[in-house]
Amino acid sequence: LPSHSSRTFSTTNTISTIHETNNSSSHVSGEQHEHIAHWICQSSQEEGPFVNVEEETCETDPLLIHSSRVGPHRHRHLSRLSLTAIIYFAVSGGPEGTESLISSGGPLYTIIGLCIAAVVWALPTALMTTELSTAFPENGGFAIWAKTAWGFTAGGVAGWLQFVSTAVDVALYPSMFLSYVQAVTSDPFSTYHGNIIKVVFVTILIMINLAGLDAVGTSSLIMLTLLLLPYIAIIGISSSGAFEWPANPANWLVVLPKTDWSTFITVLVWNMGMWEAASVCAGEVANVEQVYPQAIGTVVVLVVANYILPIMAFTALNSDWSSYTNGFYIDLVHKLPVVGKGLAICLGMSQCISAAGLFLNGVAKNSFLVCGMGEQGMLPKIAAWRMPVSETPGVAVLVTLVLVCSMMGFGDFRAILGVDMIFYSLSLLLEIASLLRLRAVSPGLPRPYRIPLDGVGLYAFYTPPVLLALTVVALSPGDALVAATVLLGVGLA
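Residues numbered from 1 in each chain as written. Predicted model: local features only at pLDDT ≥ 70, side-chain atom pairs only at ≥ 80, totals over all residues. Heavy atoms only, no water.

### Digging into the overall build of the chain
Okay, so step 1: Check the secondary structure of the chain and you find 18 helices and two strands.
Okay, so step 2: For the chain, buried positions account for 57% of its 493 residues.
Okay, so step 3: The long-range fraction of contacts in the chain, counting pairs at least 24 apart against all pairs at least 6 apart in sequence, stands at 82%.
Okay, so step 4: Per element, the accessible surface of the chain, about 18900 Å² overall, is 65% carbon and sulfur. (Helix = DSSP H or I, 4+ residues; strand = E, 2+ residues; numbered from the N terminus. Buried < 20%, exposed > 50% of the residue type's maximum accessible area, 1.4 Å probe, protein only. Contact = heavy atoms within 4.5 Å. Areas by Shrake-Rupley, 256 points an atom, 1.4 Å probe, with all protein chains shown as cover.)

### Some thoughts on the packing of helix α7 (residues 152-170) against helix α15 (residues 394-407)
Okay, so step 1: Their axes nearest at 8 Å, the elements α7 and α15 cross at an angle of 55°. The pairing of α7 with α15 is recorded here as oblique in orientation. Note on packing geometry: the crossing formed by α7 with α15 is right-handed. Contacts between α7 and α15 pair Phe163, Val164, Ala167, Val168 and Val170 from the former with Val399, Thr400, Leu403, Val404 and Met407 from the latter.
Okay, so step 2: Here the contact of α7 with α15 is composed, by residue class, of nine nonpolar, one polar and no charged. (Axes fitted to C-alpha atoms, helices over the stretch in contact; angles between N-to-C directions. Parallel < 35°, antiparallel > 145°, perpendicular 65-115°, else oblique. Left-handed = near helix turned anticlockwise from the far one by under 90°. Nonpolar A, V, L, I, M, F, W, Y, C, P; charged D, E, K, R; others polar.)

### Quick look at the environment of Ala118
Okay, so step 1: Along the chain, Ala118 turns up in helix α5 (residues 99-135).
Okay, so step 2: On the basis of relative accessible area, Ala118 is assigned to the buried category, the value being 13%.

### Details of the nonpolar core
Okay, so step 1: The biggest cluster of nonpolar side chains holds 141 residues, and the ones touching the most others in it are Leu83, Ile87, Met272, Trp275, Phe314 and Phe359.
Okay, so step 2: Here the element with the most residues in this core is helix α14 (residues 340-375); it accounts for 15 residues.
Okay, so step 3: When residues no more than four places from it in sequence are discounted, the contact partners of Ile87 are Trp275, Ala278, Ala295, Ile296 and Val299. (Core = buried A, V, L, I, M, F, W, Y, C linked by side-chain atoms within 4.5 Å.)

### Topic: the pattern of salt bridges
Side-chain pairs of opposite charge can arise whenever the charged atoms involved come near each other.
Okay, so step 1: One pass over the structure, following the stated rule, counts seven salt bridges.
Okay, so step 2: Its salt-bridge partner being Glu131, residue Arg447 comes within 3.1 Å of it at the nearest N-O pair. Of this pair, Arg447 sits in the loop between α16 (413-441) and α17 (455-474) while Glu131 is found in helix α5, placing the two residues 316 residues apart along the sequence.
Okay, so step 3: According to the relative accessible area criterion, Arg447 is buried, its value standing at 12%.
Okay, so step 4: The exposure class assigned to Glu131 is buried, which follows from its relative accessible area of 0%.
Okay, so step 5: Sharing partners across several salt bridges, the network here consists of Glu131, Arg439, Arg447, Arg450 and Asp454. (Salt bridge = Lys/Arg side-chain N within 4 Å of Asp/Glu carboxyl O.)

### Points about the packing of aromatic side chains
Okay, so step 1: Taken as a whole and assessed by the stated rule, the structure comprises 14 aromatic pairs.
Okay, so step 2: Taken together, a centroid distance of 5.4 Å and an interplanar angle of 65° make the contact between Phe201 and Phe359 edge-to-face. With Phe201 in helix α9 (residues 191-210) and Phe359 in helix α14, this pair connects stretches of sequence that are 158 residues apart. Across this residue pair, the class does not change: Phe201 and Phe359 are buried.
Okay, so step 3: Look at Tyr231 and Phe314: their rings are 6.3 Å apart centre to centre, the planes differ by 85°, and that puts the pair in the edge-to-face class. Within this pair, whereas Tyr231 is found in helix α10 (residues 213-240), its partner Phe314 is found in helix α12 (residues 288-317), the two being separated by 83 residues in sequence. Grouping residues by exposure puts Tyr231 and Phe314 together as buried. (Phe/Tyr/Trp six-rings, centres within 6.5 Å; stacked < 30°, edge-to-face > 60°.)

### Observations concerning unusual backbone geometry
Okay, so step 1: Within the chain, Asn287 stands out as a residue other than glycine whose phi angle is a positive 50°.
Okay, so step 2: Within the fold, Asn287 resides in the loop between α11 (261-272) and α12.
Okay, so step 3: Unusually for a residue other than glycine, Val338 sits at a positive phi of about 65°.
Okay, so step 4: Note that Val338 resides in the loop between α13 (328-334) and α14.
Okay, so step 5: The exposure class of Val338 is exposed, given its relative accessible area of 65%.

### Topic: α10
Okay, so step 1: Taking 1.5 Å of rise per residue, 28 residues should cover 40 Å, and α10 covers 40 Å from first to last C-alpha, within 8% of that figure.
Okay, so step 2: Of all the bends in α10, the greatest, near 30°, is centred on Leu229, and the proline Pro230 appears no more than four residues after it.
Okay, so step 3: Taken from the residues just after α10, Gly241 is the one with a positive phi, measuring 80°. (Expected span 1.5 Å × (residues − 1). Bend = angle between axes of the 7 residues up to and from the residue.)

### What about a nonpolar patch on the surface?
Okay, so step 1: A grouping of Tyr192, Ile196, Val200 and Ile204 is seen on the molecular surface, where their side chains present a nonpolar patch of about 400 Å² in accessible area.
Okay, so step 2: The topology assignment puts Val200 in helix α9. (Patch = residues over 30% accessible without salt bridge, like charges linked within 9 Å, V, L, I, M, F, W, Y side chains within 5 Å.)

### A look at the side chain of Arg439
Okay, so step 1: Within the fold, Arg439 resides in helix α16.
Okay, so step 2: Arg439 gets classed as buried once you look at its relative accessible area, which sits at 10%.
Okay, so step 3: At 2.7 Å, the side chain of Arg439 forms a polar contact with the backbone oxygen of Leu453.
Okay, so step 4: Once you skip the residues sitting within four places of it in the chain, Arg439 turns out to touch Glu131, Arg447, Arg450, Ile451, Leu453, Asp454 and Leu458. (Polar contact = N/O pair within 3.5 Å; in protein donor to acceptor, adjacent residues only side chain to side chain.)

### Here we look at the environment of Tyr231
Okay, so step 1: For Tyr231, a relative accessible area of 2% puts it in the buried group.
Okay, so step 2: Along the backbone, Tyr231 and Leu309 are 78 residues apart, and their C-alpha atoms lie at a distance of 8.8 Å.
Okay, so step 3: Other than its neighbours up to four places away in sequence, Tyr231 contacts Pro95, Glu96, Pro310, Phe314, Leu347, Ser350 and Gln351.
Okay, so step 4: Only 3.0 Å separates the side chain of Tyr231 from the side chain of Glu96, close enough to count as a polar contact.

### Quick look at the side chain of Ser427
Okay, so step 1: With respect to the element layout, Ser427 can be found in helix α16.
Okay, so step 2: For Ser427, a relative accessible area of 0% puts it in the buried group.
Okay, so step 3: A distance of 3.2 Å separates a polar atom in the side chain of Ser427 from a polar atom in the side chain of Gln162.
Okay, so step 4: With residues near it in sequence (within four places) discarded, Ser427 still touches Ala158, Leu161 and Gln162.

### Remarks on the packing of helix α4 (residues 80-91) against α10
Helix-helix packing is characterised by the crossing angle of the two axes and by the distance between the axes.
Okay, so step 1: The N-to-C vectors of α4 and α10 enclose an angle of 65°; their axes lie 8 Å apart at closest approach. When the axes of α4 and α10 are compared, the pair comes out roughly perpendicular. Between α4 and α10 lies a crossing of left-handed hand. Contact residues: Leu81, Ser82, Ala85, Ile86, Tyr88 and Phe89 in α4; Leu213, Gly217, Thr218, Ser220, Leu221, Met223, Leu224, Leu227 and Leu228 in α10.

Purely geometric stuff here, so don't read any function into it on its own.
In structure tokens form, the structure reads like this:
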């Protein structure tokens, strides 16, 4: 990777570029551009990991130019609603996947765990994403944060960790989709027909990605609406006592005789993580300073509600905790009187939609990560190549597809999840370290949104997610640690 000292721009050129860009990017005021240009010149007079001062010329790393709302993309078109849907699928995608929380920890620990994770894990990560995405509104997200704070190598490591984490995550969804289809049809497919369904699933969603990020955002918004409707109906019926459903709220207080903490914590973090995923497409977002805080704030509330309320409804209806495995929600509802069978079909279709949305947005995330790293000089320029009409990063989509397909045959759900969470936890540690370092060494960096904490308060706020990330790595199974070590070695090489 090229060194920082070899990549410098004069501030004269920087200020000129800023004013030129101001004409083509209507979402950032001229006053903000002047503030940013002044900060760049001022920062270059100080020693730091990303500045290079030569005699009297005010120079700085080009990455700071990108952090100053100047970048290769001038047409920002992604709306708040589309970004909200993209973030939702990056983080959640629906209540399915929470069954393992109930079987490993019981209903009481699951409800309490989700509330705690929302405060000590989701909220700090969401606020970090908001601050740094508005400070660095270009494609590449966390790779840019790490590169600015620690150098090119750190940016490359952050990108690789998240790329592999997402690819491993996305590799789960074709099989999950197939399991949901089989649950709806009550008819197991042969291996041949199952593979055909997976190929069709992947092909359709790749085509949507190739149609552009607007298509991904619009599709995600539709999917979000459709997948939540059956859960809203189930919550309403369970809480009202309609149709003689046997709801028992006392089930919420049950604690299992033995808790599988390794599975419980890993699945809990998996369901409440990945907030920074949507930062990789920040270069496509219109009015980024206002849209990101609004979108992430909306998703925080939505995600917490879409986990806790359905879990309370399901656990009140069924207390056979060992049966809570992937897809059990469909079987549970199917056995309920009157509207149970119809809602089970709707729920199965909802979970199919969820798997599709998760795959769709996982591919988009990795594609714009690769594209952004190409735009920032961390990967060859070919990685940033875009299709003429849709502006889709075509090469990045292809690279993502190849890695995802290679991961689809790797292990079972828990093995894949273990590798996923090891990489994600390491990436999050690097991202938090980048946030703290940028606060320390670049206090003048323009931050349209700023976490209202400093010093000891800021460090205390990020202590729980750091400890939780380290716990996830420590509790990971041996085979997942071996696989993660090999993949990490490949990336570092």
